[in-house]
Amino acid sequence: MAERLWAECVSQLMADGQCVDVAVVRLRSGAVLAAAEGGVFRHVSRRELRHLLAADRRRLRTRGLSLGGVPLLLLRDQLLGDMDHNGHGDDNGHGVDNGVDNGHGVDNGVDNGHGVDNGHGGGALHSMDLRTKQRPSQGVAVCRTHNHLLLLMGRTGAGSGALNHRAQQMAACLRNTGA
């Protein structure tokens, strides 16, 4: 049953052509539960996951990270934060924002510090926006549920904010199923 759920999750995210790679990873073990055929995220290592989930975020901000061997630059980081027993987030104020705070409570696609999400991923909790270092650059979104990580890489030209929004939607569906 669970294997089908993860495979369906990957299929749905790949269906419209915006994503070129998707993976569902179990947080505790680092096991890749499902991944797009031929994608790099199926090869994400436990070491890469440790760097991604480390409490000290300085390395991510200064050096970036890699997932599946692909070097990435950090754009926005709110991946860590307190999560209640239902997997719903509570912003603890420790998220890192490498974007611009416009001070007006408007989400312009980067985190404005007000925790508001109008669908562009800027205020999404427990998620991260990245870009590949290689050119042409591709957007990458990481979204965390209580027990899983969703990794999405977009096709060239797809923004990480739009990918983040899709990841948030899928995470909400997974939370509703108890996953």
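Residues numbered from 1 in each chain as written. Predicted model: local features only at pLDDT ≥ 70, side-chain atom pairs only at ≥ 80, totals over all residues. Heavy atoms only, no water.

(A) Focus on the overall build of the chain. Assigned secondary structure in the chain consists of 4 helices and 10 strands. Within the chain, the proportion of its 179 residues that are buried is 44%. At a minimum sequence separation of 6, the contacts of the chain that also span at least 24 residues come to 55%. If you sum the accessible surface of the chain, you get close to 8900 Å²; carbon and sulfur atoms cover 49% of it. (Helix = DSSP H or I, 4+ residues; strand = E, 2+ residues; numbered from the N terminus. Buried < 20%, exposed > 50% of the residue type's maximum accessible area, 1.4 Å probe, protein only. Contact = heavy atoms within 4.5 Å. Areas by Shrake-Rupley, 256 points an atom, 1.4 Å probe, with all protein chains shown as cover.)

(B) Spotlight on the side chain of Thr 132. Mapping Thr 132 onto the fold places it in strand S8 (residues 127-132). From its side chain, Thr 132 meets the backbone nitrogen of Gln 138 in a polar contact 2.8 Å long. Setting aside its immediate chain neighbours within four residues, Thr 132 contacts Val 70, Pro 71, Leu 72, Ser 137, Gln 138, Val 140 and Met 153. (Polar contact = N/O pair within 3.5 Å; in protein donor to acceptor, adjacent residues only side chain to side chain.)

(C) Layout of the pattern of salt bridges. Applying the stated criterion across every chain yields a total of 4 salt bridges. One salt bridge in this structure joins Arg 58 and Asp 56, with 2.6 Å as the shortest N-O distance. The salt bridge involving Asp 129 is made with Arg 76; its shortest N-O contact spans 3.3 Å. With Asp 129 in strand S8 and Arg 76 in strand S4 (residues 70-78), this pair connects stretches of sequence that are 53 residues apart. (Salt bridge = Lys/Arg side-chain N within 4 Å of Asp/Glu carboxyl O.)

(D) Main features of the environment of Gln 12. Tracing the sequence through the fold places Gln 12 in helix H1 (residues 2-14). Sequence-wise, Gln 12 and Val 22 are 10 residues apart; in three dimensions their C-alpha atoms are separated by 9.9 Å. With sequence-adjacent residues up to four places away left out, Gln 12 is seen in contact with Arg 166 and Met 170.

(E) Focus on the pairing of strand S1 (residues 19-26). Within S1, 6 of the 8 residues are buried, which leaves it mostly tucked inside the rest of the structure. Looking at chain direction, S1 and strand S10 (residues 148-154) are connected through 7 bridges and run antiparallel. Within S10, the residue paired with Ala 23 across the bridge is Leu 151. Bridging between S1 and strand S2 (residues 32-35) involves 3 bridges; their strand directions are antiparallel. Each residue of the ladder has a partner; that of Val 25, found in S2, is Val 32. The antiparallel hairpin formed by S1 and S2 contains 5 residues in its connecting segment, where Gly 30 sits at a positive phi of about 80°. (Pairing = 2+ DSSP bridges.)

(F) A look at unusual backbone geometry. Between Arg 135 and Pro 136 the backbone carries a cis peptide bond, its omega angle lying at -5°. Structurally, Pro 136 can be placed in the loop between S8 and strand S9 (139-144).

(G) The packing of H1 against helix H4 (residues 160-176), seen in detail. Two elements in contact, H1 and H4, have axes whose closest approach is 11 Å; the angle formed by their N-to-C orientations is 155°. Considering their axes alone, H1 and H4 lie roughly antiparallel with respect to each other. Crossing hand, H1 versus H4: right-handed. Mapping the contact onto sequence places Leu 5, Trp 6, Cys 9, Gln 12 and Leu 13 in H1 and Arg 166, Met 170 and Leu 174 in H4. Of the residues belonging to the contact of H1 with H4, the class tally is 6 nonpolar, 1 polar and 1 charged. (Axes fitted to C-alpha atoms, helices over the stretch in contact; angles between N-to-C directions. Parallel < 35°, antiparallel > 145°, perpendicular 65-115°, else oblique. Left-handed = near helix turned anticlockwise from the far one by under 90°. Nonpolar A, V, L, I, M, F, W, Y, C, P; charged D, E, K, R; others polar.)

(H) View of the environment of Thr 145. Along the chain, the position of Thr 145 falls in the loop between S9 and S10. As for Thr 145 and Leu 79, which are separated by 66 residues in sequence, their C-alpha atoms are 9.7 Å apart.

That's the geometry; what it means functionally is another story.
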